[in-house]
Amino acid sequence: CSQDGVVTSAWKTAMFIDGNKAQLARDAASGQGETLDALAALLKIEAQDKAAFVSLTKAHHAEIFASVDSADTIATQLKAALQSDARLAKYAEAV
């Protein structure tokens, strides 16, 4: 929450990751699944970028989910992976 009581998209994303760490790691590893779809929706990944997002999470799975117990680490690594991709960098601020 911000000072004015507005829940930011990054906060929603962090809460989602925290509540779905293990399933999200499995979905990202396989490149498909409900939690990966939900994360893409939370990040407002556009339809034309969704395949690239799924590929990125699968390709960077080892880095993103190196510490599956820490939602903060997952979020930080996801943000870094998004920032490293020219096409997906615009979504990094939502993490």
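Before reading on, note that the structure itself is shown above.
Residues numbered from 1 in each chain as written. Predicted model: local features only at pLDDT ≥ 70, side-chain atom pairs only at ≥ 80, totals over all residues. Heavy atoms only, no water.

As for the environment of Leu 36
No. 1: Tracing the sequence through the fold places Leu 36 in helix H3 (residues 34-42).
No. 2: Overall, Leu 36 belongs to the buried group, its relative accessible area being 1%.
No. 3: In the structure, Leu 36 is positioned 13 residues away from Gln 23 in sequence and 8.6 Å away in space, judged by C-alpha atoms.
No. 4: When sequence neighbours within four positions are dropped, the list of residues in contact with Leu 36 reads Leu 24, Asp 27, Ala 28, Gly 31, Phe 53, Val 54 and Thr 57. (Helix = DSSP H or I, 4+ residues; strand = E, 2+ residues; numbered from the N terminus. Buried < 20%, exposed > 50% of the residue type's maximum accessible area, 1.4 Å probe, protein only. Contact = heavy atoms within 4.5 Å.)

Notes on the pattern of salt bridges
No. 1: Per the stated rule, a full pass over the model turns up four salt bridges.
No. 2: With a shortest N-O distance of 2.7 Å, Asp 37 and Lys 50 are connected by a salt bridge. Taken as a pair, Asp 37 in helix H3 and Lys 50 in helix H4 (residues 47-59) lie far apart in primary sequence, 13 residues in all.
No. 3: The class for Lys 50 is partly exposed, based on a relative accessible area of 29%. (Salt bridge = Lys/Arg side-chain N within 4 Å of Asp/Glu carboxyl O.)

Regarding helix H6 (residues 71-83)
No. 1: Helix length check: H6 (13 residues) gives 18 Å between terminal C-alpha atoms against 18 Å at 1.5 Å per residue, within 8%.
No. 2: All of the buried residues along H6 are Ala 71, Ile 74, Ala 75, Leu 78, Ala 81 and Leu 82. Seen from one end, H6 has its buried residues packed into an arc of 130°, which puts them on one side. More than 90 degrees from the buried face of H6, the exposed residues found are Asp 72 and Thr 76. (Expected span 1.5 Å × (residues − 1). Arc of directions from axis to C-beta.)

Regarding the nonpolar core
No. 1: The biggest cluster of nonpolar side chains holds 27 residues, and the ones touching the most others in it are Ile 17, Leu 39, Leu 43, Phe 53, Leu 78 and Leu 82.
No. 2: If we ignore the near neighbours within four places in the chain, the residues touching Leu 82 are Leu 43, Phe 53, Leu 56, Leu 88, Ala 89, Tyr 91, Ala 92 and Val 95. (Core = buried A, V, L, I, M, F, W, Y, C linked by side-chain atoms within 4.5 Å.)

Describing unusual backbone geometry
No. 1: With phi around 60°, Lys 44 is a residue other than glycine that occupies positive phi space.
No. 2: Secondary-structure assignment places Lys 44 in the loop between H3 and H4.

Thoughts on the packing of H4 against H6
No. 1: The N-to-C vectors of H4 and H6 enclose an angle of 125°; their axes lie 10 Å apart at closest approach. Regarding the angle of H4 to H6, the classification is oblique. In the packing of H4 onto H6, the handedness of the crossing is right-handed. Counted together, Phe 53, Leu 56 and Thr 57 of H4 and Leu 78, Ala 81 and Leu 82 of H6 form the full contact between these two elements. (Axes fitted to C-alpha atoms, helices over the stretch in contact; angles between N-to-C directions. Parallel < 35°, antiparallel > 145°, perpendicular 65-115°, else oblique. Left-handed = near helix turned anticlockwise from the far one by under 90°.)

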